[in-house]
Structures are given as C-alpha cells and as structure tokens.
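# Structure assessment
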Amino acid sequence: MADETGLPEVTGQTAFVFAGGGSLGAVQVGMLHELLLAGVQPGFVVGSSVGAINAAYFAASPNLECVERLEGLWMGLSRRDVFPFTLGSALRMLSGGENLIDPSHLRGLLEAHLAISRLEQARIGLHVMATDQQGLGVRLSSGPAVEAVLASAAIPGIFPPVRIDGEDLMDGAIAANTPLRLAVELGASRIVVLPTGYACALERAPRNAIAKVLHAVTLLIAWQLMHELDTVPENVQVHLAPALCPLAVSPYDFSASRQLIERARHDTRKWIESGGLERRARSRELAAHHHRHHHA
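Fair warning: this is a prediction, and the values are worked out from it, not measured in the lab.

With 90% of its residues at a pLDDT of 70 or more, the protein has an overall mean of 90. Here residues 1–10 is modelled with pLDDT under 50, and outside its nearest four sequence neighbours on either side it reaches 22 contacts, counting other chains as well.

A separate point is the packing of helix α2 (residues 50–60) against helix α3 (residues 64–76). Between α2 and α3, whose axes approach to 10 Å, the crossing angle comes to 140 degrees. Relative to α3, the element α2 is oriented oblique. When the axes of α2 and α3 are compared, the crossing they make is right-handed. Residues Val-50, Asn-54, Tyr-57 and Phe-58 of α2 form the contact with α3, whose own contacting residues are Cys-66, Val-67, Arg-69, Leu-70, Leu-73 and Trp-74.

A few words now on the pattern of salt bridges. Inspection of every chain in the model, using the stated rule, returns eight salt bridges. Between Glu-34 and Arg-265 there is a salt bridge, with its nearest N and O atoms 2.7 Å apart. Within this pair, whereas Glu-34 is found in helix α1 (residues 26–37), its partner Arg-265 is found in helix α10 (residues 257–273), the two being separated by 231 residues in sequence. Look at Glu-34 and you get buried, because its relative accessible area is 5%. A residue is classified by how much of its surface remains accessible, and Arg-265, at 24% relative accessible area, is partly exposed. The residue Glu-228 makes a salt bridge to Arg-181 at a minimum N-O spacing of 2.6 Å. Of the two residues, Glu-228 is situated in helix α9 (residues 209–229) and Arg-181 in helix α8 (residues 179–185); the sequence distance between them amounts to 47 residues. In this structure, a network of salt bridges that share partners links the residues Glu-34, Arg-265 and Arg-269.

About the thresholds
Residues numbered from 1 in each chain as written. Predicted model: local features only at pLDDT ≥ 70, side-chain atom pairs only at ≥ 80, totals over all residues. Heavy atoms only, no water. pLDDT = per-residue confidence, 0-100. Contact = heavy atoms within 4.5 Å. Axes fitted to C-alpha atoms, helices over the stretch in contact; angles between N-to-C directions. Helix = DSSP H or I, 4+ residues; strand = E, 2+ residues; numbered from the N terminus. Parallel < 35°, antiparallel > 145°, perpendicular 65-115°, else oblique. Left-handed = near helix turned anticlockwise from the far one by under 90°. Salt bridge = Lys/Arg side-chain N within 4 Å of Asp/Glu carboxyl O. Buried < 20%, exposed > 50% of the residue type's maximum accessible area, 1.4 Å probe, protein only.

Structure follows, in structure tokens:
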C-alpha cells in the first residue's frame, strides 16, 4: 500500500469503511445515523469512490448533526449534479474522447460542501483510497481533500484520472487492495463496513453507457468485499452493516435517495437490535443471488 505521508499508524480503534457504489452511496447516510445513535464512534474512516465523499464529509465533523446535513445534501442531488451528460459529452463519445463526463460539476459540489480543504484537517483520521495505473491501491491521508476525493471517484472512461504527486490516479474501487484491507493495515481493532450493495433486483440490464459501467463496478466492489471479509484476521472484529435487499435502484439513479436512506436506517436499526455489532461478518452476506418476479 503506497503511502508517503509519514503518518503513524493508529491502533486499537474502531474504523468505519465506506465502500463505493454511485448513487447507492445514499444508504451509507442511513447506516451512519443508526450507528451513531447506537454509540458507535470511529477513531478513523477509510473511503473509496462515493464512499470517499461520504467519509470526507463525515470525518470533518463526526456527529449526528453532520450526518443530518449530509442527508439533506443527498436528498437534493440529481444525476446532472454528478454525471451531467451534455451535448459535449456526446461529442466526446463520438470523437473518441478519453472520458465522458466533465468533472467540474462534481468538483464544484465538493468545494461547496466539504468543510475541510486538506485531509489532515479532519476531526478523526481520514484515509482516501485511490488506484494507480498499475492497479495498486494508493492511500491518501494528507493533502488537498477535493483532489483526493476526485481521484478516488475517477471511474475510468467516465471521469479523467487525477494527477497527485506525479501519479495519475483513478477510482479506488478498482484497486487490487480494498478499503477494508487498508483499515486492517492501519491497525483497527474493530471495523464496521458500510457497503452500498448492488441492484440485485433490476428487471432488465442497464441501457445507458454510464449506468452499465456503474452497475458493473458495484458488482466488482461486492465481489472484492466478499473476498476480503473472510481474510480479516481473527483478532480484528469486523461487522458488515446490512446492504439493502431486494434493491431495484440503479447506481446511476439519484432520484431514490430519500427511500434508500430511510430503508438503510430501518435495516441498520434492526441489525443492531438483533446483535449485528456482536456478530462477525461473513462473505455470504453479499453473495450473488436472484429475485424472481420482483416489481418493487
């Protein structure tokens, strides 16, 4: 794991790990709300892709008021705020351009709403995961926050890579290493993973090019997490907040944020009440499956 920050590793702390997943990142807000209500407070957070956005926002002010503000932001988001597919986008696609989406809209959102300008200004440890051009994970723990988050969310082909310290970095969700493994390496004694899940109940394959990529990436993230969950050392407590299931919302659809947050709050509350924070997570909780004749 590349890291040139020189920051000491933290040990014996609870870590929250925020996975990627496009618009499904809204579920993490509901999970966060219930975890804080249950008195679970992380010493540091790790995030990749959309999870890096949520992690950075939360780490700047890790309390319920912050989570409620984040909830309001998610409920006000539309697809065009993040993935504005314009005439320019279409022309870039037709002319063989390197990326479909101009990242300036997402940059503007981050600059307007992130309360910190540098990662090390966060109230708790904040580590953002990106990927280098060889597929290796790069941990960003200091430096400009907006650049780090943009790099972590730079889905190949959709957003351009972000150059940091002489390296072109892209979406942290496609790294060989996962944010979960990074939390282990950083010395957490307890890890709570906040997955976004994936659309397990779509009635038909996504048709839009960006939607296709995002759906594929959410499946990749789930498979990576499944692999990593069973390799966490036995002396580290690892818990997996419940992914929503069945789920028929595309990670390209930002219109369902309120529903996703409310469902995540409900499911996470039930999970906590049933002893979820005492049970060790197992990979089968994210296993591939089908929902036949589902129309919700």
